[in-house]
Every structure is written in structure tokens, then in C-alpha cells.
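Inside the fold
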Amino acid sequence: MSDAPTTEPCDACGEPTTDALSRTVRLSVDRANIDTQRLCPDCFADWIQRYQDRLGSGDDGGDDSSEIIVD
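Summary of the structure given here. Predicted, not measured: the structure shown is a model, and the values here were computed from it.

Between the first and last C-alpha of helix α1 (residues 41-55) there are 21 Å, a value that for 15 residues agrees with the 21 Å anticipated at 1.5 Å per step. Those residues of α1 that sit buried are Cys 43, Phe 44 and Ile 48. Taken end-on, α1 shows its buried residues confined to a sector of 145°, consistent with a single buried face. Away from its buried face, by an angle of more than 90 degrees, α1 presents the exposed residues Asp 42 and Asp 53. Here the buried face of α1 lies against β3 (23-29) and β4 (32-39). Gly 56 lies just past α1 and shows a positive phi near 65°.

In this section: the pattern of salt bridges. Counted by the stated rule, this structure contains one salt bridge. Its salt-bridge partner being Asp 19, residue Arg 38 comes within 2.9 Å of it at the nearest N-O pair. Highlighted residues: Arg 38 in strand β4 and Asp 19 in the loop between β2 (16-18) and β3, separated in sequence by 19 residues. On the basis of relative accessible area, Asp 19 is assigned to the partly exposed category, the value being 38%.

Grouped together as the largest cluster of nonpolar side chains are seven residues: Cys 10, Val 25, Leu 39, Cys 40, Cys 43, Phe 44 and Ile 48. It is α1 that contributes the most residues to this core, three residues altogether.

Within this structure, the stated rule accounts for two aromatic pairs. Ring geometry for Phe 44 versus Trp 47: centroids 6.4 Å apart, planes at 10°, classification stacked. Note that Phe 44 and Trp 47 are positioned in helix α1 at a spacing of three residues, about one turn of the helix. By relative accessible area, which is 14% here, Phe 44 ends up buried. Ring centres of Trp 47 and Tyr 51 lie 5.5 Å apart, and the angle between their planes is 20°; on these two criteria the pair is classed as stacked. Linking Trp 47 with Tyr 51, this pair stays in helix α1, spanning four residues, or about one helical turn. What links up through ring pairs into an aromatic cluster is the set Phe 44, Trp 47 and Tyr 51.

How each quantity is defined
By convention here, each chain's residues receive numbers from 1 onward along its written sequence. Predicted model: local features are reported for residues with pLDDT of at least 70 only, side-chain atom pairs are reported and counted for 80 or more only, and whole-chain, interface and lining totals are derived from all residues. Values reported for side chains reflect all heavy atoms of the structure, with hydrogen atoms and water molecules removed beforehand. What counts as a helix is a DSSP run of H or I of at least four residues, what counts as a strand is a run of E of at least two, and both are numbered from the N terminus. By definition here, a helix of n residues has an expected span of 1.5 Å times n minus one. Burial classes follow relative accessibility: with a 1.4 Å probe on protein chains only, a residue under 20% of its type's maximum area counts as buried, one over 50% as exposed, and anything between as partly exposed. It is the directions from the helix axis to the C-beta atoms whose arc is reported. Whether two residues are in contact is decided by their heavy atoms: any pair within 4.5 Å suffices. When a carboxyl oxygen of Asp or Glu lies within 4 Å of a side-chain nitrogen of Lys or Arg, that pair is called a salt bridge. Within this scheme, the nonpolar core is defined by two criteria: the residues are buried Ala, Val, Leu, Ile, Met, Phe, Trp, Tyr or Cys, and they are joined through side-chain atoms within 4.5 Å. In this analysis, rings of Phe, Tyr and Trp, with Trp reduced to its six-membered ring, are considered paired at centre separations within 6.5 Å, and the interplanar angle assigns stacked below 30 degrees, edge-to-face beyond 60, and tilted for intermediate values.

Laid out in C-alpha cells, this is it:
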């Protein structure tokens, strides 16, 4: 087995991305995996920005039960 990093394409842009640079975004509902995406650093930054823009991080006075977990 080689010590070279694995290169897989980014699910958003298709560019090859090594494991060391990739980020995995998982969408789970009630502990059931709905979607998993492997993203390069640029696409991951875009995903975070879209998440923040759409869901906002402002205080609406409600229960804050959502969170971003990056592995």
C-alpha cells in the first residue's frame, strides 16, 4: 500500500482533492444520514457562506438546536 495521499474529486466542482485538504459535509436528520458531500477547501468555504447566509446566525429568540460540525 502506498503512503501517497488519496485523491478524489470534489463533489461540487469535480477538481481532484487530496484527503488532507478535503472536508466532508454530512446532513443528518434524527441520526439518519441524508446526504454526504466531499468538498475541496474553496467549495467548503462557499458552502459555509451559503449556510450562514440562508440560516443566519442572528438571535431570533428561539431554541438554537442547529450546529455546524466539521470533521
